[in-house]
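# Chains, contacts and geometry: an overview
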Amino acid sequence: MKKSVVPRNKHFTFLVLPDGASPVLRFRVNAYLLVMLPIIIVLLIAIASTLYLLHDRARGQLDQLHSKLTSTNEAYTLQLAKKEGTIKQLQGELAQLAQQAESVEVRVEELNKLESDVKSLVGLPQENDAAKSDDNGVGGEFVEIKEDDIVGLAHNTEMIFNSLGDEITDLKERLSSTREQAQKRLQTLRVTPTYWPTQSQRITSFFGVRMDPFSGEAGVHKGIDIAGHRGDSVFAAADGRVVDTGTMTERGNYVTITHAMGLTTRYFHLSKIIAHTGDRVQQGDVIGEIGSTGRSTGPHLHFEVVKHGVSVDPRPYLKMAIKGSSANVQVEKGQG
Ligand SMILES: [Zn+2]
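Note that the structure is a prediction, hence the values are computed from the model and not measured.

## Quick word on the pattern of salt bridges
The tally for this structure, following the rule as stated, stands at 8 salt bridges. In this structure, the salt-bridge partner of Asp 212 is Arg 295, at a minimum N-O distance of 3.0 Å. Residue Asp 212 is found in the loop between strand S4 (208–211) and strand S5 (218–221), and its partner Arg 295 is found in the loop between strand S13 (286–289) and strand S14 (300–307); the two are separated by 83 residues along the sequence. By relative accessible area, which is 15% here, Asp 212 ends up buried. Here Arg 295 falls in the partly exposed class, since its relative accessible area comes to 29%.

## Focus: the packing of helix H1 (residues 31–121) against helix H2 (residues 147–191)
Between H1 and H2, the shortest axis-to-axis distance is 9 Å and the interhelical angle comes to 25°. Compared by their axis directions, H1 and H2 come out roughly parallel. By crossing handedness, the relation of H1 to H2 is classed as left-handed.

## What to know about the packing of aromatic side chains
For the structure shown, the criterion picks out 3 aromatic pairs. Judged by centre distance (6.3 Å) and plane angle (85°), the ring pair of Tyr 254 and Phe 268 falls under edge-to-face. In this pair, Tyr 254 sits in strand S9 (residues 252–258) while Phe 268 sits in strand S10 (residues 263–270), placing the two residues 14 residues apart along the sequence. The burial state of Tyr 254 is the same as that of Phe 268; both residues are buried. A centroid spacing of 5.4 Å and a plane angle of 45° characterise the contact between Tyr 267 and Phe 303, whose relative ring orientation is tilted. Of this pair, Tyr 267 sits in strand S10 while Phe 303 sits in strand S14, and the two are 36 residues apart along the sequence. Residue classification places Tyr 267 among the buried positions, given a relative accessible area of 0%. Above the face of the Tyr 254 ring, Arg 251 is positioned so that its terminal group lies 4.9 Å from the ring centre.

## Here's the deal with the pairing of S4
Two elements, S4 and S5, share 4 bridges in a ladder whose sense is antiparallel. Looking at S5, one finds that Gly 208 is bridged to His 221. In sequence, S4 turns back onto S5 through a hairpin of 6 residues, with Gly 216 there showing a positive phi of about 75°.

## Notes on the sheet that holds strand S7 (residues 233–235)
Picture the strands of a sheet paired through backbone hydrogen bonds; they go either parallel or antiparallel. Overall, antiparallel pairing links the 3 strands, which are arranged S7-S13-S11 in an open sheet. Where the open sheet ends on each side, the last strands, each with one partner, are S7 and strand S11 (272–273). Sheet analysis places S11 next to S13, joined by 2 bridges and oriented antiparallel. If you follow Ile 273 over to S13, its bridge partner there is Gly 288.

## Side note on the side chain of His 302
With respect to the helices and strands, His 302 occurs in strand S14. Given a relative accessible area of 5%, His 302 falls into the buried group. At 3.2 Å, the side chain of His 302 forms a polar contact with the side chain of His 221. With residues up to four places along the chain from it excluded, the contact list for His 302 reads His 221, Gly 223, Ile 224, Asp 225, Arg 266, Tyr 267, Phe 268, His 269 and Gly 336.

## Observations concerning H2
A rise of 1.5 Å per residue sets the reference length of H2, with its 45 residues, at 66 Å; its end C-alpha atoms lie 64 Å apart and thus fit the reference within 8%. Within H2 the residues assigned to the buried category are Ile 150, Thr 157, Ile 160, Leu 164, Leu 171, Thr 178, Ala 182, Leu 189 and Val 191. The inward-facing, buried residues of H2 contact H1.

## A look at unusual backbone geometry
Positive phi is not limited to glycine here, since Met 261 has a value of about 55°. Within the secondary structure, Met 261 sits in the loop between S9 and S10. Met 261 gets classed as partly exposed once you look at its relative accessible area, which sits at 48%. Unlike most non-glycine residues, His 308 shows phi in positive territory, near 45°.

## Focus: H1
Under the 1.5 Å per step criterion, the end-to-end length of H1 is 131 Å for 91 residues, consistent within 8% with the ideal 135 Å. Maximum bend of H1: about 25°, positioned at Leu 37, with proline Pro 38 one to four residues after it. Taken together, the buried positions of H1 are Ala 31, Leu 94, Ala 98, Ala 101, Val 108, Asn 112, Glu 115, Ser 116 and Lys 119. Turning to H1, the residues buried within the fold contact strand S1 (11–16), strand S2 (25–30) and H2. The N-cap of H1, judged by a side-chain oxygen 2.7 Å from the amide nitrogen of Tyr 32 a few residues on, is Asn 30. Gly 123 lies just past H1 and shows a positive phi near 75°.

The rules we used
Going along each chain's sequence as written, the residues are numbered from 1 onward. In keeping with the predicted nature of the model, local features appear solely for residues at pLDDT of at least 70, side-chain atom pairs appear and are counted solely at 80 or more, and the whole-chain, interface and lining totals rest on all residues. By convention in this description, side-chain values take in all heavy atoms of the structure and omit both hydrogens and water. Salt bridge, as applied in this entry: a Lys or Arg side-chain nitrogen positioned within 4 Å of an Asp or Glu carboxyl oxygen. What counts as a helix is a DSSP run of H or I of at least four residues, what counts as a strand is a run of E of at least two, and both are numbered from the N terminus. Each residue's exposure class comes from its accessible area (1.4 Å probe, protein chains only) as a fraction of the maximum for that residue type: buried when under 20%, exposed when over 50%, partly exposed otherwise. Working convention: axes come from line fits to C-alpha atoms, limited for helices to the stretch in contact. Angles between N-to-C directions cover 0 to 180 degrees. Comment on the angle field: the value is read as roughly parallel under 35 degrees, roughly antiparallel over 145, roughly perpendicular from 65 to 115, and oblique elsewhere. A clockwise turn of the near helix away from the far one marks a right-handed crossing, whereas an anticlockwise turn of less than a right angle marks a left-handed crossing. Only rings of Phe, Tyr and Trp enter the pairing, Trp through its six-membered ring, and a pair is recorded when the two centres are within 6.5 Å. The plane angle decides the type: under 30 degrees is stacked, over 60 is edge-to-face, the rest tilted. Here, a charge over a ring is recorded when the distance from Lys NZ or Arg CZ to the ring centre is within 6 Å and its angle to the ring normal is within 35 degrees. Only when DSSP finds a minimum of two bridges between them are two strands counted as paired. As used in this structure description, the phrase polar contact means that two N or O atoms lie within 3.5 Å; if the pair is within protein, one of them must be able to donate a hydrogen and the other to accept it, and residues adjacent in sequence are counted only when both atoms belong to side chains. Pairs of residues are marked as contacts when any of their non-hydrogen atoms sit within 4.5 Å. Expected helix span is computed as 1.5 Å times (number of residues minus one). One fitted axis covers the seven residues ending at a residue, a second covers the seven starting there, and the bend at that residue is the angle between these axes.

The structure is reproduced here in structure tokens:
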């Protein structure tokens, strides 16, 4: 057994000797306690110092955290303000976009109308076109926008743009096809006797059975008579080739032109023949002048359309003419 430096049962005795007659005070202290006490005190001081230091350090860290938190908070506040600004700006842009979508919609509608106008001009069939409102008025009180409104507006705008995309693709295809149809139609109209052969469009005698102006008996009129002044221009009703010109007792001075699709046009009673047999003429070219030669009661043009050798009413062809290609004028009356 190892023996302790200070035995537990050993004691020290302290004597206090006061002055005078007071009795002597005597303290008996355990030797072990006497040695351990200073050690315990030193230990306590050490623990207290460590705790103080730890506390101090924790405090410093806490301060640091606090200031960090404050600066982070400020940064967040700043970011939030910035984000709010961005959101406001985006809202504004969205509203603008929505307006643009509406204006593009109006433009597309205008293009649809334009297409319809072009079709009507050249006499092409129309597709069903429900007219939309042209109302452009704006106004009303200002109501602050809510999040739901913004989401709704964004959704609506997206839908408009999606449908506009489809509509523009459709329109592009349709316009391309309309252009082709219009070109074909114009080509057809050019080679068909649709052009009024005189500036006047006043018919004085129609195609078919009529009372003959000379004999007073019923007879067949193979063309139409169009009123006019002597010397007025006579135009080729369609592109073609002049196959015959000359003078005959009943026709007077005449011109005959052949066209595509088995069509022929004839122009009688001219005062002057300008085209020559064999000429290639274009629709609207001057081929002669109005007169009253042959079997005629006064200056006028007798105009015939012959299809595969059979005389037909020229009016359905002339009605196909593009609007505004000829003008009406006041003229004298003549038949033949
Ligand atoms: Zn006639």
